Amino acid sequence: MKKKNELDYFEALEKTEDPGNGTEKKERISQTLRRRFRYGSNMIVFAILAIVVFIVLNVVLERFSTPLTIDMTSEKLYTIGDVTKENMEGLEKDVEIIALYDRVKGEADTQKMSIIKILDLYDRFEKIHVSYVDPDANPNFILDTVGKINANSYSSGDYIVKCGDKTRRLAESDMYVTTTQTYNSMYSYQVQSGMQAEKKLTTAVLYVTAEVSPVVYYVTGHGEEAIEYYSMLLTYIEGLGCDVKELDMGKITEMPEDAAVAIMMGPKFDISPSESVMIRQWLEQKAGQLAVAVDPLQSGTEFANLNGLLESMFAITLNNDQVSDDEYRIAAAGNAFSFLGQSVSNGPIENSSVYQVPIFNSRSVNVLNIDETSAGITHYPIIQTFETAVSTAIVGGAKTQPGIFTVGAASKNLNYSEVTHAVVFGSTLAFSDTYYTSFGAYTVRSLSIYAMGIDWMIASYGTNAGNEISAKNYGSTNLVVTASQRTRLGIFATVVIPLIIIGIGIFVWLKRRHL
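Presented here is a report on the structure given in the accompanying data block. These numbers come from a predicted model, not from an experiment.

1. Quick look at the overall build of the protein
Secondary structure summary: the protein contains 14 helices and 21 strands in total. For the protein, the proportion of its 515 residues judged to be buried stands at 43%. When contacts within the protein are restricted to residue pairs at least 6 apart in sequence, long-range pairs at least 24 apart make up 71% of them. Accessible surface, the protein: about 28000 Å² in total, of which carbon and sulfur atoms supply 54%.

Here is the structure:
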């Protein structure tokens, strides 16, 4: 339309001009039009060429299985190290890494996008296949992939690492490093300060591909129930990729060489001093892991040797009492010793939602007050009562005390070449087949917490490669300026830059005006 208007103008101009100058003016007009047409045609050609190049480039890049990126971050957040490369290239078994969310939607999420970039790097290895499945769109996928027992612990946003029938769960929050910050010296809150996706993924891949599975020994010899009494719990443990065996402590002089975890479920009497020494040596020298659950006994058994071991190694002891709660009692159980408590997001269940859990006839667990730094021990509650609970001493006049009580705790000792862990519970009933049959909807949560405790303890079993991979902190760059510099920057931003833009605009206008 613009060119047509210009032609009309020049034709009108020709009619009003002196005929003597007609030829010269026509030539001048013709040159102007040719020049304008030439510039306009060039712009159209350049635009078409740019579009074609853009389309071809995208088609070519689509041929690559993963995006081509350059990691410009100071900490190399989106680069994997030599330890991972060496181990992933040496895999002999196929491994699936399944992100439980839609990739397209994940790319729109800043946090998930950072993990997707790392997953793309793993997907390049021959034996690793990465996929994305939205569990909301495929509700049976988790159940079909990890089985009924393990499915309850997964949620949208998590990751499944799978090799054959062996699986490992990585919670969404496992991929990040969090630190606690304090606001106004009063309120504390968690802040993501880095990424540890490579560490978690490599450890999980090596775990599921390990030729030897961790062996969990069910300890007997102290009046424990037969191993079949906890068949559902042991099925949960086997679902983690563990082998479960029975171990009579009275028939051995040292712990088995292949023992990864020893679980003590409801002993009726204390371990012997020699057994205490044997277990301690195993914990210290072989990176043993210990799970203990002891019911309150009306006989008043003190468990001095077991408590001495737990206190010195993990700063945890079992109290000789019985906890009740009338306010939160489970009606179907019929007494105040069966009630609801709550999980505490710590240690093995740090990345799990806080929820109510059943507590059946439990003693309390004492998490000792220590200087964790100097002791080299980190410990915390994982199951607690509500504040309406009451503790009643079994010996010493049946004294009572109200308050919040810990009935499940976890601890890790960092004083040895490899970390040794413990989980301690004040009751076994929530883990038994009998109570699972009667209170299945409740005890599934307890079984899940116990399984998470075992999983937490054997997280790096079979390989120390994951320990060689460091978490990567988010880098930050701060610009520090003086008051005078700030003033000059303000003038430059509000005055100089706008004047430059205006000047460029005037220059372009003048050039176009004389075309």
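Having seen the structure, we can now continue with the description.
2. Here's the deal with the sheet that holds strand β17 (residues 390-393)
Judged by pairing direction, the sheet is antiparallel, and its three strands sit side by side in the order β12-β17-β18 without closing on themselves. The sheet is open, and its two edges are formed by β12 (321-324) and β18 (400-402), each paired on a single side. Across the sheet, the mean angle separating the axes of adjacent strands is 20 degrees when strand polarity is ignored. In the sheet, β17 pairs with β18 via three bridges, with the strands oriented antiparallel. Its bridge partner being in β18, V390 is matched across the sheet by P402.

3. Examining the environment of I142
Summarising the element assignment, I142 is placed in helix α6 (residues 141-146). Residue I142 is classed as buried on the basis of its relative accessible area of 12%. When the C-alpha positions of I142 and S155 are compared, they lie 8.7 Å apart, and in sequence the two are 13 residues distant. In this structure, I142 is in contact with L100, P135, G147, A151 and Y154, ignoring residues within four places of it in sequence.

4. A few points about the nonpolar core
Formed by 74 residues in total, the largest nonpolar core has its most connected members in L119, I237, I263, Y450 and I454. For this core, the element with the most residues is helix α13 (residues 433-457), which contributes nine residues. With residues up to four places along the chain from it excluded, the contact list for Y450 reads L233, I237, I263, M265, A291, F425 and F431.

5. Looking at the side chain of S362
Tracing the sequence through the fold places S362 in the loop between β14 (356-360) and β15 (365-367). The residues contacting S362, other than those within four sequence positions of it, are P296, D321, Q322, V323, V407, G426 and S427.

6. Quick word on the sheet that holds β14
Spatial strand order, β8-β7-β9-β10-β20-β19-β16-β13-β14: nine strands in an open sheet with mixed pairing. Either end of the sheet is taken by a strand with one partner, and the two such strands are β8 (243-248) and β14. Direction aside, the axes of adjacent strands within the sheet are offset by 25 degrees on average. Bridge analysis of strand β9 (residues 259-265) against strand β10 (residues 289-293) gives five bridges, and the strand direction is parallel. Within the sheet, the bridge partner assigned to V261 lies in β10 and is Q289.

7. Some remarks on the pairing of β8
Residues in a regular strand project their side chains so that they alternate between the two faces of the sheet. Note that strand β7 (residues 215-220) and β8 share six bridges and pair parallel. The residue bridging Y218 from the neighbouring strand is E246, located in β8. Chirality of the crossover, the property in question, places the unit of β7, helix α9 (residues 231-238) and β8 among those that are right-handed.

8. Regarding the pairing of β10
Along β10, five of the five residues are buried, which leaves the element largely enclosed by surrounding structure. Crossover handedness for the path β9 to helix α10 (residues 273-285) to β10: right-handed. Bridge count between β10 and strand β20 (residues 420-425): four bridges; the pairing is parallel. In the strand pairing of β20, A293 is matched with F425.

9. Points about the packing of α10 against helix α11 (residues 304-314)
With their axes 9 Å apart at the nearest point, α10 and α11 run at an angle of 25 degrees to one another. It follows from the interaxial angle that α10 and α11 lie roughly parallel. As α10 runs across α11, the sense of the crossing is right-handed. From α10, P273, S276, I279, R280, L283 and E284 reach across to α11, where they touch N305, G308, L309, S312, M313 and F314. Grouping the constituent residues of the contact of α10 with α11 by class yields six nonpolar, four polar and two charged.

10. Looking at α11
Structurally, the α-helix is built with 3.6 residues per turn, so residues lying three or four positions apart point the same way. Listed as buried for α11 are L306, N307, L309, L310, M313 and F314. Each buried residue of α11 lies within a common arc of 160 degrees when the element is viewed along its axis, so the set occupies one face. Note on α11: the residue one or two positions beyond its end, A315, has a positive phi of about 55 degrees.

Parameters at a glance
- Residues numbered from 1 in each chain as written.
- Predicted model: local features only at pLDDT ≥ 70, side-chain atom pairs only at ≥ 80, totals over all residues.
- Heavy atoms only, no water.
- Helix = DSSP H or I, 4+ residues; strand = E, 2+ residues; numbered from the N terminus.
- Buried < 20%, exposed > 50% of the residue type's maximum accessible area, 1.4 Å probe, protein only.
- Contact = heavy atoms within 4.5 Å.
- Areas by Shrake-Rupley, 256 points an atom, 1.4 Å probe, with all protein chains shown as cover.
- Pairing = 2+ DSSP bridges.
- Axes fitted to C-alpha atoms, helices over the stretch in contact; angles between N-to-C directions.
- Core = buried A, V, L, I, M, F, W, Y, C linked by side-chain atoms within 4.5 Å.
- Right-handed = clockwise from strand over helix to strand, strands pointing away.
- Parallel < 35°, antiparallel > 145°, perpendicular 65-115°, else oblique.
- Left-handed = near helix turned anticlockwise from the far one by under 90°.
- Nonpolar A, V, L, I, M, F, W, Y, C, P; charged D, E, K, R; others polar.
- Arc of directions from axis to C-beta.

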